[in-house]
Amino acid sequence: MRTPRLLASAAALTALAACGGDGAAGGGPGGPGAGDPYFPEAGNGGYDVGHYDLKLDYDPGTGRLTGLATITARATRDLSAFNLDLKGLDVEKVAVGGREARSHRAGQELTVRPADALDAGETFRVTVRYSGRPVTVTDPDASEEGWLHTADGAVGLGQPTGSMAWFPGSHHPADKAAYDLAVTVPEGLGAVSIGELRGERTRGGRTTFTWHADEPVSSHVVTVAVGRWETGRSRTGDGLPVYTAVDPQQADASREVLARIPEIMDWARKNFGPYPFSSTGAIVDRAGDAGYALETQNRPYFPGAPDTVLLVHELTHQWFGNSVSPKTWRDMWLNEGFATYAEWLWQEDHGGDSAQQTFDALHDGTYYPDEAANDAVWSFPPADPPDAAHISASPVYQRGAMVLHQIRRAVGDGAFRALLRGWAAAHRHGNADTADFTAYVEKSAPDEDFTEIWRTWLHGEGRPRRS
């Protein structure tokens, strides 16, 4: 998830299980949320999105965004109405299948009632014209996401729910889709997004950048970053495209670490298996433009030049978090525990502390210079954050990584590395929860008993005794 600086095409609709929403036979309203335990209004029931086509026009001078969203989806039940998540912004027109539809706003919910009810299994398109000044969303942990104004533009950051501040959709990680984005900005500025840059055209003093992401994307790792960029294009040793966009003020500080992307990707593929996407890279904005780094798909976002370990963390998320995404926000340790353990493995493989040394320092309470930070590691079990304000707290990261280290100790290095690769392959471009993971581990090592690891390290309260 967010790392603080301090510490398929439209035709190939994603087949995901429907969440939420009950109704009578013959058609009823879809659910206003996907039933997430921490963000119950996030996502929507009754349909699965397969593709987003977003046409955005942004003027940093006025802060005004104009958008046309075309969403292709499949009804998973008979629908007389369905919901989209959209916070703020003025909705000007909604149509379903080319016919104007009635709509209603209530908080972050845009309820759409098509002229004709939708049948279960029917593929439909909804278009939404909207405009206004996008809002910044303050999360339960007081961090900011949504649409953030930067020194020379803006950036859209969506984890966990901020994408609803700049485009309508089903904003829950369980509903992945392909994306096309055409972003128009004043000439001289750039617009960087996910996937591949398909075109750049300037007319009448404004430039449109067209991006395409064919692999499934959860909306919380979609981004648009507007500003002045020094862009770089290269390839890894095996031909994977690398695209970087760096604020000119961060170019010198970023050059050396970003040059290590091919090395990091090669190391990660050996540990985690084939890379799940069609390109890699990074976006580096100015320090202070956001309060955290984020694993936006294909190219993570950084507020200021990252160090190597932070870059490793966010690139690892492309496997764990972006390709294998959580079923609900309760499962965030499957993102952050894995990416944190990747930091430990990188350091171990590159002359730093071993993973065991890092584990011991955390367990002994000597890892952080501050006693409160060491104590915070044990404030709750990694698989059971107490509420939405804690899904990116220390236990999710550090104690989550400690769970993985205990598994490594139980099965041995070779089997553990195979387990990492197998887990990433088993749920590639899908979603998983804690029960899926524990079942996978137990199936992968049937001769081992993991009961105590699950009881004490994954779900137990307090600091377990050293085993």
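Relevant structure appears above.
Keep in mind the model is a prediction, meaning the values are calculated, not measured.

### Let's talk about the overall build of the chain
Scanning the chain for helices and strands turns up ten helices and 25 strands. Along the first, second and third principal axes, the C-alpha set of the chain runs to 65 × 55 × 40 Å. Counting all 467 residues of the chain, 59% fall into the buried class. For the chain, the accessible surface area stands at approximately 17400 Å², while carbon and sulfur atoms represent 47% of it. The centroid of the 42 positive side-chain charges in the chain is displaced by 5 Å from the centroid of its 62 negative side-chain charges.

### Thoughts on the packing of helix H7 (residues 394-411) against helix H8 (residues 413-426)
Between H7 and H8, the least distance of the axes is 7 Å, while the angle of their chain directions is 130°. Here H8 runs oblique to H7, going by the angle between their axes. As for the relative orientation of H7 and H8, their crossing is right-handed in sense. Of the residues in H8, those touching H7 at Leu 404, Ile 407, Arg 408 and Val 411 are Asp 413, Ala 415, Phe 416, Arg 417 and Leu 419. Looking at the contact of H7 with H8 residue by residue, the classes come out as six nonpolar, no polar and three charged.

### Concerning the pairing of strand E14 (residues 177-186)
Of all ten residues in E14, nine are buried; the element is thus mostly enclosed. Note that strand E3 (residues 47-59) and E14 share seven bridges and pair parallel. Paired with Asp 53 across the two strands is Asp 180, which belongs to E14. Examined bridge by bridge, E14 and strand E17 (residues 206-217) share nine bridges and lie antiparallel to one another. Bridging across to E17, Ala 182 finds its partner in Thr 210.

### Thoughts on the layout of surface pockets
Size it by volume and the second largest pocket reaches roughly 270 Å³. The wall of the second largest pocket is formed by 15 residues, among which Gly 232, Thr 244, Val 246, Arg 255 and Leu 258 lie closest to the centre. Among the elements of the structure, strand E19 (230-235), strand E20 (241-246), helix H1 (251-258) and helix H2 (261-272) are those that each provide at least two residues to the lining of the second largest pocket. Of the residues belonging to the lining of the second largest pocket, the class tally is seven nonpolar, five polar and three charged.

### Brief notes about the environment of Gly 98
Of note, Gly 98 is situated in the loop between strand E6 (90-96) and strand E7 (99-100). Gly 98 gets classed as exposed once you look at its relative accessible area, which sits at 75%. Along the backbone, Gly 98 and Tyr 292 are 194 residues apart, and their C-alpha atoms lie at a distance of 40 Å.

### Topic: the nonpolar core
One broad rule of soluble globular proteins: the nonpolar side chains tend to lie buried together. Counting 71 residues, the largest nonpolar core has Trp 333, Ile 407, Phe 437 and Trp 454 as its most contacted members. Val 128, Ala 191, Ala 213 and Trp 229 belong to the second largest nonpolar core, which has 60 residues in total.

### Remarks on the pairing of E19
Working note: regular strand, side chains alternate between the two faces of the sheet. Taken together, the six bridges between E19 and E20 define a ladder with antiparallel strand orientation. Looking at the pairing, Arg 235 lines up with Pro 241 of E20. With antiparallel pairing between neighbouring strands as the criterion, E19 and E20 make up a hairpin whose turn holds five residues, including Gly 239 at a positive phi of roughly 95°.

Procedures and definitions
- Residues numbered from 1 in each chain as written.
- Predicted model: local features only at pLDDT ≥ 70, side-chain atom pairs only at ≥ 80, totals over all residues.
- Heavy atoms only, no water.
- Helix = DSSP H or I, 4+ residues; strand = E, 2+ residues; numbered from the N terminus.
- Buried < 20%, exposed > 50% of the residue type's maximum accessible area, 1.4 Å probe, protein only.
- Areas by Shrake-Rupley, 256 points an atom, 1.4 Å probe, with all protein chains shown as cover.
- Lys, Arg positive; Asp, Glu negative; His and termini not counted.
- Charge placed at Lys NZ, Arg CZ, Asp CG, Glu CD.
- Axes fitted to C-alpha atoms, helices over the stretch in contact; angles between N-to-C directions.
- Parallel < 35°, antiparallel > 145°, perpendicular 65-115°, else oblique.
- Left-handed = near helix turned anticlockwise from the far one by under 90°.
- Contact = heavy atoms within 4.5 Å.
- Nonpolar A, V, L, I, M, F, W, Y, C, P; charged D, E, K, R; others polar.
- Pairing = 2+ DSSP bridges.
- 1 Å grid on protein atoms, 1.4 Å probe; cavity = no way out; pocket = protein on both sides within 12 Å on 5 of 7 lines; lining within 4 Å.
- Points joined across faces, edges and corners; volume = space filled by probe spheres on them.
- Core = buried A, V, L, I, M, F, W, Y, C linked by side-chain atoms within 4.5 Å.

Everything listed here is a matter of coordinates, which is why it stays silent on function.
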